[in-house]
Amino acid sequence: MTLSFTRRTFLHRGGLAAMAAALRSPSHAAQKPIPRFRTELNIATLAQFVDPLPIPEIAKASGFRPSPADASVKLPYFRIPMQQFETKVHRDLKPTRMWGFGGTSPGPTFETRRGQGLLVEWANELPNTHLLTIDHSLHGAESDKPDVRTVVHLHGAKVPPESDGYPENWFVPGKSVVYHYPNRQDAAMLWYHDHALGINRLNVFAGLLGAFFLRDEVEDALELPRNKYEIPLAIYDRAFDLDGQLNYPVSADPKKPWTPEVFCDAVLINGKLFPYLEVEPRKYRFRILNGANARFFHLTLSNNQVFQQIGTDQGLLPAPVPVTRVSLAPAERADVIVDFSGSRGEKVILKNDYLNIMQFRVAASGTNDTSVIPKTLRPVPKIPESAVVKTRALSLVEVDDLIQRPVVMLLNNTHWNMPVSESPVLDSTEIWELANTTDDAHPIHLHLVRFQILDRRSFDVSEYWMKNHVKFTGPVIPPEPAEAGWKDTVRADPGMVTRIIVRFEGYTGRYVWHCHILEHEDNEMMRPFEVVAK
Ligand SMILES: [Cu+2]
């Protein structure tokens, strides 16, 4: 097959429209395989706001076991099984077969504290048949691999490499692993999800994700809304067939069912379609996770009220940032406060772009609200560029075929199984310059570390390919105020160089960095990196 490094055009962005056009044309229909879409449920036919928002249970420890780091210390021990089950995503739909942790999707929420480590036994109790169509042409998902295999990664956690959920460390039904989470990091909303090589997008789409809260004394001191006034919102899109079953889109080629990105019209929040939440006329803290495979969310409130954004992926911002729109790329998190005290007796809709996704029913009266929105939250000292010992120029690349269909997505033109090329030294600081040569934004996630965004700047992509040289074409753009905190995932915009500054702290060993569009990650847009000793 001849490949070319062309940029993507609207041609395959509009893949569904092109496919529909092909189906209308008998000559094209005769040449092309019939797309294997099952009849998709039309979400617009469903009643909105008829189901209450589910709040996942808090995970419960089943006992104590010795710490792998120090046997004299006993750590809380959790056993979380991955299972298949049926659940109703909407009052008027038949139960949907899903995968989840502890029998729910999202799985149970972990409530943990800084400095108090814990052990989790992740147990694969799934059936031997996958719910969704596997693409055996993808690296790591070949036909000789078992269809059902999982490995769990705690996104945003600073953990030893053997507990990080390396994509090749998957295990099959009937097996389990025990991971150690030391929790030696600042308060933040982390999340756990599957990370198995070549089928990660399918395992997460099937439901394998959950939230993990890490608390500390700095957060405690802030008098933020808490307990029933602090609500996790895991948001992700799915498609369903007429029987209410998950319908993961596939390409028209049965030998290569992979699709470049999956965008679906049904937006689930904590596992429900169009849920509602009864709230008091007071402040609420919402911990929002974009758990989608590929969709970017742009959240607004129907009364144009502001969200006070108080935190990013890796914890509190220096000060609240008022935003009328919360933008989240896949895997990013936003910590926001919404004050409903001005909306007594009203209904406020949470929207994604112009579409309703959830309703808040504000009571006419309520109890006294003693929570506050502090003027300052937690200092985020800038990592000095003078500390940098190495700057890495790294490219984001999409390889297309001759009719500009994406074939593979790469980091720095290297495949997953090529030798490690990024080996930062423990406790050293580096700048990573992510030159995005594609037409899409890619959320880039580094395991183990937290980092800061320095800036973004547009560059001439043609010159970059022809002369291997970055010629900037625009001004330096600093991070938006709502992303100027500690991050673990950064939006690398198309045609821009995005610079991040990272200190590699915690552990030596093998980790990964990757695009968090799961379709990209499963098709080579993931690379190992190795933190080496000083
Ligand atoms: Cu990507």
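Above this text is the structure in question.
This write-up is about the structure you can find in this document. (Residues numbered from 1 in each chain as written. Predicted model: local features only at pLDDT ≥ 70, side-chain atom pairs only at ≥ 80, totals over all residues. Heavy atoms only, no water.)

### Examining empty space enclosed by the protein
Applying the stated criterion to the full structure yields seven cavities of 30 Å³ or more. A volume near 60 Å³ is recorded for the largest cavity. Taken together, Pro56, Pro106, Gly107, Thr109, Met189, Gly210, Ala211, Pro232, Ala234, Asn270 and Leu289 form the lining of the largest cavity. For the lining of the largest cavity, the secondary structure elements donating two or more residues are strand 10 (209-215) and strand 11 (230-238). In terms of residue class, the lining of the largest cavity is made up of seven nonpolar, four polar and no charged. (1 Å grid on protein atoms, 1.4 Å probe; cavity = no way out; pocket = protein on both sides within 12 Å on 5 of 7 lines; lining within 4 Å. Points joined across faces, edges and corners; volume = space filled by probe spheres on them. Helix = DSSP H or I, 4+ residues; strand = E, 2+ residues; numbered from the N terminus. Nonpolar A, V, L, I, M, F, W, Y, C, P; charged D, E, K, R; others polar.)

### Focus on the side chain of Asp194
You can see Asp194 is positioned in strand 9 (residues 188-194). We note that Asp194 is buried and unpaired, the nearest opposite charge coming from Arg149 at a distance of 7.5 Å. A polar side-chain atom of Asp194 sits 3.0 Å from the main-chain amide nitrogen of Ala196. In this structure the side chain of Asp194 is engaged in a polar contact, spanning 2.9 Å, whose partner is the side chain of Asn203. (Buried < 20%, exposed > 50% of the residue type's maximum accessible area, 1.4 Å probe, protein only. Lys, Arg positive; Asp, Glu negative; His and termini not counted. Salt bridge = Lys/Arg side-chain N within 4 Å of Asp/Glu carboxyl O. Polar contact = N/O pair within 3.5 Å; in protein donor to acceptor, adjacent residues only side chain to side chain.)

### Section: the environment of Val531
Mapped onto the elements, Val531 comes out in strand 31 (residues 526-531). Residue Val531 is classed as buried on the basis of its relative accessible area, which comes to 1%. When the C-alpha positions of Val531 and Ile337 are compared, they lie 37 Å apart, and in sequence the two are 194 residues distant. Residue contacts for Val531: discarding those within four places in its chain leaves Pro424, Val425, Leu426, Leu448, Phe504, Tyr507, Thr508, Gly509 and Tyr511. (Contact = heavy atoms within 4.5 Å.)

### A few points about the sheet that holds strand 25 (residues 429-436)
Judged by pairing direction, the sheet is mixed, and its five strands sit side by side in the order 24-23-25-29-27 without closing on themselves. Across the chains shown, the open sheet's two edge strands, defined by having one partner strand only, are strand 24 (406-411) and strand 27 (451-458). Shown here is a sheet whose adjacent strand axes are inclined to one another by a mean of 15°, direction ignored. (Pairing = 2+ DSSP bridges. Axes fitted to C-alpha atoms, helices over the stretch in contact; angles between N-to-C directions.)

### A few points about the coordination of the copper ion
For the copper ion, the protein coordination sphere consists of His442 (ND1), Cys515 (SG) and His520 (ND1), at 2.0 to 2.1 Å. Counting the intervening residues between successive donors of the copper ion yields the motif H-x72-C-x4-H. Placement of His442 in strand 26 (residues 442-446) and of Cys515 in strand 30 (residues 509-515) is noted, with a sequence separation of 73 residues between them. (Donors = N, O, S within 2.8 Å, 3.2 Å for Na, K, Ca; no water.)

### Let's talk about the sheet that holds strand 30
If you trace the four strands from one edge of the open sheet to the other, you get 28-26-30-31, paired in antiparallel fashion. Every interior strand has two partners, whereas the edge strands, strand 28 (489-492) and strand 31, have only one. Going from strand to strand, the sheet's axes swing by 25° on average, the running direction of each strand aside. The pairing of strand 30 with strand 31 spans six bridges and is antiparallel.

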